[in-house]
Amino acid sequence: MTASEPNWQRRLLLALLLAPALLWLLLLIVLPHVDLALVSFRERVAPREYVTSLAQYQTFFTEPLYWQIFVRTAVVSAIATAITLLIAFPVAWTIAKIAKGRRAALLFLVCLIPFWVSETVRTLGWMILLRESGVLPSFLVKLGLVSAPPELLYHDATILVGLVYTSLLFMVVPLVNSLESLDNALIEAAYDLGAGGLTVLRTIVIPHAAPGITAGCIVVFMLTLGNYLTPNLLGGTSSQWFTEQIYNQFITRFNWEQGAAFGFLLLALSTTMVWVGLKASGQRFADVMQRS
Amino acid sequence: MNTSDNATVDLEVDAVEKTFADHRAVDRLSFSVARGSFFSILGPSGCGKTTLLRMIAGFIQPDAGDIRIGGRSMAGVAPNQRPVNMVFQQLALFPMMTVGENVAFGLARRGVGKLERMRKADAMLERVSLGGSAHKRVDELSGGQRQRVAIARSLVLEPTLLLLDEPLGALDLKLREHMKIELKQLQAAFGTTFVYITHDQSEALVLSDHVGVMNRGRFEQLGTPQALYYDPATPFVAGFVGSNNRIGGRVESINNNIATVVTPEGWRLEARTVGAVSSGQAATAFVRPEAAVLAREPSGLPGNLRAHSGRVDSVLFDGANSAVLVTESQSRGEFRIALPQTGQFSNLVSGETIYFAFEADRAVCFSGEETA
Amino acid sequence: MIPSLPRPAWLRAANTIYIVAFLIFLFLPLLTVAAFAFNDAPYPAPPWHGFTLDWFFGDEASGRVGLFHDSELLDSILTSALVATWVTGLSVLVGTTNAFLMERARFPGRQALSVMMLVPLVIPGVILGISILAFASRLADFADTAFGLELEFLRPGLPLVVVGQFSYIAAIATLTISARLKRFDHTLEEAAFNLGASRTAVLWHITLPYLRPAMIGSAVIAFLMSFENFNTTLMLVGADTPLTILMYGRMRDGATPVLNAVSLFLMVASAALALSLMRRGRRSNP
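Residues numbered from 1 in each chain as written. Chains lettered and ligands numbered in written order. Predicted model: local features only at pLDDT ≥ 70, side-chain atom pairs only at ≥ 80, totals over all residues. Heavy atoms only, no water.

Considering the side chain of T73(A)
All names here are of chain A. Topologically, T73 is positioned in helix 3 (residues 64-98). When its relative accessible area of 1% is taken as the criterion, T73 is described as buried. One polar contact links the side chain of T73 to the main-chain carbonyl oxygen of I69, over a distance of 2.7 Å. If we skip the residues at most four places from it in the chain, T73 touches L225, Q240, W241 and F242. (Helix = DSSP H or I, 4+ residues; strand = E, 2+ residues; numbered from the N terminus. Buried < 20%, exposed > 50% of the residue type's maximum accessible area, 1.4 Å probe, protein only. Polar contact = N/O pair within 3.5 Å; in protein donor to acceptor, adjacent residues only side chain to side chain. Contact = heavy atoms within 4.5 Å.)

This is the structure we're talking about:
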């Protein structure tokens, strides 16, 4: 927008550009969440009659099943995030620092391919691999390691495998980006000054990659927390994932007030973790999102 | 070729070779560097000097030959175990640490206690005139200050050898001139052996006790800056070190090591022969711009020298480095002559005819045609 | 560590083994899905009973309804494509206007708005779904009681699915297109103005062509993300089921290998899309 234009024209243009953004954010993000908050703070006392109350949140804290599932979801998500980081880091390091040129690009590409495919398809793959009549149990029998095919689905470990698998991309990409920007000369300089591999990792690599690590962890934790498909299909009835509780309240029981309160609790947890992650690494939200 | 006769030797490079794919980066190179001296490796980019330096530091393994530092072979010794430290081209200061932590980094790796290493780091920063900067972030420092931190970070470990990989390359011209002097003073103050690589001949000449001029993986010549300048051993050195007028032709006669060279256009000049030069051969002569004396009339030239003439093409005023570009009358070739400081020729104009002469001893001539 | 530092042989070997194991982990589920699309058995499970194309071409008569005769599956693919087309169009449009808004306009609250635009990315999809569901229902109820209007599009169904997916895919499109506009060299526009071009001509001939790679890229990403979306869709879906929801239902109930067939179809389609996008990207990126 050059300064030479008449004022009304600039205002009109600004209004035209602002309209879609404001409509999108107000109608689809801000107002629905305000409404959701209002719904969560009411209680049905009679058909079509509501009063404002904290009953929904009270139920959450007094009913052990609910908050246990909530805590469990948070803990398993945190574990899944940590495992994802540990698995992804050597891969990202290989792509960014060890493989050269075309080979690095190819490896990176190959790592991205599975994530162009729907999560549903990937979960289907794990189900065929792991269920009692599936590929891995029958393979184990064939190897003579077990006498009867074990059921590998519906365990907590199965949920973790599925969650880590689904999250890898969101960890590898920010890690590769932040490790690629690390000048090899810094590593060489640290070596030259007498540091060993672990010291270099601790004093140079991790401080440098901290923004990427934070970005990856935030995104992975958030996606894991909000996942429904993977815990539900791989964990079966025992999955006890908090999003399932939200779904049950909203869709199955039609208890929107309770569902809204659960939704808000999950949102609060997710937001807190994002905030803590940003504070811990001293970064700005916008920068982190741009990275991932 | 040895840079020293009896002084203690800190670095010995013995028949070292390195080949990448089909490119021989370092070709059976041997030399040694005496303790406490400032040694430069000078060469154009791609001549193998970086490879050589990184082999000394331990980041590249030689294919053959041995590198000894302080008398100890470095074969199989990891870079973090060598008594060598390096100042990197882009300095590679750790941005995640303060200036003090950067300097103390190597001490911490040696298990020096926190208080002790902070004290040593402070003292070292003091010595490079950065006292009180320990708490600063690296990006708060100016280019020259970073340079000194990079050097301090290495010198605090008291290495046998300090390697410097074109550390002045990233600085602007004025700061580079200043840092040249500072580097020389630092080296003198610490007495550490410096091995410095650069493509800038002026840096090499100003800083070094000895210079190895490197080309295509080999040393063309190894000697003092003065020797390189006044007694180039090869056409490459003559062309690379300092500015020089290059004249190609044929040797007409040789008399007492002085060859008379004739260009295809018939311009005759005299130059001292270097190496085997024989009559009738193609040859290349080099004449330094400051070797020539100028005169407005032929009679103004010393009588015992062959007089040459030319037309002034352009006057290049650059203070003390001013010169005039002359088109030599017979060959129509360009010839550069330094203007004397007296200001005697400050009123030269283009198109003017001018006369010049030089002592045959101050020009050199090699056999063969050297293409630019 | 890095190749210029000494790496013992065991470390190099361990690195290679690790990468190979990682790649097996990545591709095992996909290869399994693909392989069992061709197994001549009623369930996608070992042992291998021989090769068949029944799960693609079988019809009622053969007793095995293959992908191309499973009208429910085919309908759901069309439904997903329809939703994805709408989401893609809207997201790229709004992403582009947002990019110009954030990179070119100056107005109070710009900084806050730019942060707001990232917020949809950190809201779990399930919550986006229920909040839009609750809000839309409230609007519909209000229209019903106040004006006696029955606004069907505010009830669970495809319009809400489109809106729900758009609510966060628009943020991704905004990020992608803004990032490219940020790198735009302003002197190109100035040069065009200097050569006498009008504002529209500059937009049409200079700026939009420059943005085209980012717009195409975000369109492909938007289409795929919409096609594959599950969390938000699950909360907003009505009678017409998109593919992921249908697959989910069948997977819970124990599916025939026709699901493997449709999965293979999806893999090939998204791989083709991804590869064509990458080829384009390589050509058009300066």
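Back to the write-up after that little detour.
Side note on the packing of helix 2 (residues 55-62) of chain A against helix 3 of chain A
All names here are of chain A. Viewed as axis vectors pointing N to C, helix 2 and helix 3 meet at an angle of 80 degrees, and their least axial separation amounts to 5 Å. Our classification of the angle between helix 2 and helix 3 gives roughly perpendicular. Of helix 3, the residues touching helix 2 (which contributes T59, F60, F61 and T62) are P64, Y66, W67 and F70. Classifying every residue of the contact of helix 2 with helix 3 by side-chain character gives six nonpolar, two polar and no charged. (Axes fitted to C-alpha atoms, helices over the stretch in contact; angles between N-to-C directions. Parallel < 35°, antiparallel > 145°, perpendicular 65-115°, else oblique. Nonpolar A, V, L, I, M, F, W, Y, C, P; charged D, E, K, R; others polar.)

Focus on the domain arrangement of chain B
Residue and element names in this part refer to chain B. Entries for chain B in the domain assignment read domain 1 (9-237) and domain 2 (243-367). The distance between the C-alpha centroids of domain 1 and domain 2 comes to 39 Å. Each side of the interface is counted separately: domain 1 has eight residues, and domain 2 has seven residues. Of the roughly 650 Å² buried at the junction of domain 1 and domain 2 (both faces included), carbon and sulfur atoms supply 48%. Contact with domain 2 buries area across many residues of domain 1, yet Y229, P232 and P235 alone supply 70% of it, more than any other trio. Remark: the boundary between domain 1 and domain 2 carries one salt bridge. Close ionic contact of D231 with R272 constitutes a salt bridge, the shortest N to O distance being 3.2 Å. In this assembly, domain 1 and domain 2 are joined by three residue pairs in polar contact (both at pLDDT 80 or more). Per element, the largest residue contribution to the side of domain 1 that touches domain 2 is three residues, and it comes from helix 7 (residues 225-230). Across the side of domain 1 that touches domain 2, the residue classes break down as six nonpolar, one polar and one charged. (Domains from an automatic or database assignment. Buried area = accessible area lost by both parts, 1.4 Å probe. Salt bridge = Lys/Arg side-chain N within 4 Å of Asp/Glu carboxyl O.)

Considerations on the sheet that holds strand 10 (residues 218-223) of chain B
Residue and element names in this part refer to chain B. The six strands lie next to each other as 6-7-8-3-9-10, forming an open sheet whose pairing is mixed. The two strands at the open ends of the sheet, each matched to only one other strand, are strand 6 (84-87) and strand 10. Neighbour-to-neighbour, the strand axes of this sheet turn through a mean angle of 20 degrees, independent of strand direction. Note: strand 7 (residues 161-165) against strand 8 (residues 193-198), five bridges, orientation parallel. Bridge pairing links D165 to I197 in strand 8. (Pairing = 2+ DSSP bridges.)

Quick look at the environment of L163(B)
Relative to the helices and strands, L163(B) is located in strand 7. The exposure class of L163(B) is buried, given its relative accessible area of 0%.

Here's the deal with the interface of chain C and chain A
On the chain A side, the residues contacting the 83 residues of chain C number 92 residues. Carbon and sulfur atoms supply 80% of the area that chain C and chain A bury against each other, a total of about 7,800 Å² over both sides. Connecting chain C to chain A are one salt bridge. R138(C) is paired through a salt bridge with D35(A); the nearest N and O atoms lie 2.3 Å apart. The tally of links from chain C across to chain A stands at 13 residue pairs in polar contact (both at pLDDT 80 or more). Among the elements that take part in the side of chain C that touches chain A, helix 1 (residues 9-36) of chain C stands out by supplying 14 residues, more than any other. Class assignment of the residues belonging to the side of chain C that touches chain A gives a composition of 62 nonpolar, 15 polar and six charged.

Quick notes on the pairing of strand 18 (residues 334-338) of chain B
Only one face of strand 18 of chain B is covered, namely the one carrying F335(B) and I337(B); the face carrying E334(B), R336(B) and A338(B) has none of its residues buried. Counted between consecutive antiparallel strands, the loop separating strand 17 (residues 323-328) of chain B from strand 18 of chain B contains five residues, among which R332(B) sits at a positive phi close to 60 degrees.

Topic: helix 5 (residues 173-190) of chain B
All names here are of chain B. Counted at 1.5 Å a residue, the expected span for helix 5 with its 18 residues is 26 Å, and the 26 Å between its end C-alpha atoms agrees. Each element contacted by the buried residues of helix 5 is listed here: strand 3 (38-42), helix 3 (114-127), helix 4 (143-155), strand 7, strand 8 and helix 6 (201-207). Where helix 5 terminates, the next one or two residues include G191, which has phi positive at roughly 70 degrees. (Expected span 1.5 Å × (residues − 1).)

Points about the confidence of the model for chain B
Residue and element names in this part refer to chain B. Here chain B averages 91 in pLDDT, while 97% of its residues score no lower than 70. In the model, residues 1-6 has pLDDT below 50 throughout and makes ten contacts with residues more than four positions away in sequence or in other chains. The ipTM assigned to the predicted complex is 0.88, against a pTM of 0.85. (pLDDT = per-residue confidence, 0-100.)

Quick word on the sheet that holds strand 1 (residues 9-20) of chain B
Residue and element names in this part refer to chain B. Strand order in the open sheet made by the four strands is 2-1-4-5, with antiparallel pairing throughout. Edge positions in the sheet fall to strand 2 (23-34) and strand 5 (72-73), since each has one partner strand and no second. Bridging between strand 1 and strand 2 involves eight bridges; their strand directions are antiparallel. Residue pairing across strands places L11 opposite V33, the latter belonging to strand 2. Strands strand 1, strand 2 and strand 4 (64-69) of the sheet are contacted by helix 1 (residues 49-57), whose axis makes an angle of about 120 degrees with strand 1.

Brief notes about the packing of helix 2 (residues 99-109) of chain B against helix 4 of chain B
When two helices pack together, their arrangement is given by the angle between the helix axes and the distance between those axes. All names here are of chain B. At a closest axis distance of 7 Å, the pairing of helix 2 and helix 4 adopts a crossing angle of 30 degrees. Relative to helix 4, helix 2 is oriented roughly parallel. When the axes of helix 2 and helix 4 are compared, the crossing they make is right-handed. Between helix 2 and helix 4, the contacting residues are V99, N102 and V103 on the first element and V149, A152 and R153 on the second. Broken down by class, the residue content of the contact of helix 2 with helix 4 amounts to four nonpolar, one polar and one charged. (Left-handed = near helix turned anticlockwise from the far one by under 90°.)

Considering the side chain of N231(C)
Looking at where N231(C) falls in the secondary structure, it is placed in helix 9 (residues 231-236). Only 3.1 Å separates the side chain of N231(C) from the backbone oxygen of G226(A), close enough to count as a polar contact. Beyond its immediate stretch of four places on either side in the chain, N231(C) contacts G226(A), N227(A), Y228(A), L229(A), G125(C) and V126(C).

Some remarks on unusual backbone geometry
Residue P47(C) follows P46(C) across a cis peptide bond; omega there is 0 degrees. Inspection of the secondary structure puts P47(C) in the loop between helix 1 and helix 2 (54-57). Although it is not a glycine, E166(B) adopts a positive phi angle of roughly 40 degrees. Positionally, E166(B) belongs in the loop between strand 7 and helix 5. One non-glycine residue with positive phi stands out, namely R332(B), at about 60 degrees.

Let's talk about the nonpolar core
Within the largest apolar cluster, 235 residues are counted, with the highest numbers of intra-cluster contacts made by L11(B), F31(B), L52(B) and L101(C). Top contributing element to this core by residue count: helix 3 of chain A, with 15 residues. Listed in part, the 27 residues of the second largest apolar core include I247(B), L294(B), F345(B) and F358(B). (Core = buried A, V, L, I, M, F, W, Y, C linked by side-chain atoms within 4.5 Å.)

Some details on the pairing of strand 17 of chain B
Residue and element names in this part refer to chain B. The buried count for strand 17 comes to six of six residues, which makes it a mostly enclosed element. The sheet contact formed by strand 16 (residues 308-316) and strand 17 spans six bridges and is antiparallel. From the neighbouring strand, R311 faces strand 17, where its bridge partner is T327. Hairpin connection from strand 16 to strand 17: six residues lie between these consecutive antiparallel strands, with G319 at a positive phi of about 55 degrees. Where strand 17 meets strand 18, five bridges bridge the pair, whose relative direction is antiparallel. Residue pairing in the sheet places A323 in a bridge with A338 of strand 18.

As for the packing of aromatic side chains
Describing an aromatic ring pair means giving the distance of the ring centres and the angle of the ring planes. Scanning the entire structure with this criterion turns up 39 aromatic pairs over all chains. Measuring from ring centre to ring centre gives 5.3 Å for F60(A) and F70(A), while their planes differ by 85 degrees; the resulting arrangement is edge-to-face. In this pair, F60(A) sits in helix 2 while F70(A) sits in helix 3, placing the two residues ten residues apart along the sequence. Classification of F60(A) as buried rests on a relative accessible area of 3%. Here the aromatic rings of Y165(A) and F25(C) are separated by 5.4 Å at their centres, their planes lie at 85 degrees, and the arrangement is edge-to-face. Of this pair, Y165(A) sits in helix 7 (residues 156-180) while F25(C) sits in helix 1, placing the two residues on different chains. Take Y165(A): its relative accessible area is 0%, and that puts it in the buried class. Of the aromatic side chains, those joined through ring pairs into one cluster are F60(A), F61(A), Y66(A), F70(A), F242(A) and F262(A). Above the face of the F105(B) ring, R109(B) is positioned so that its terminal group lies 4.6 Å from the ring centre. Between the NZ or CZ atom of R127(B) and the centre of the ring of F190(B), over which it lies, the distance is 3.9 Å. (Phe/Tyr/Trp six-rings, centres within 6.5 Å; stacked < 30°, edge-to-face > 60°. Lys NZ or Arg CZ within 6 Å of the ring centre and 35° of its normal.)

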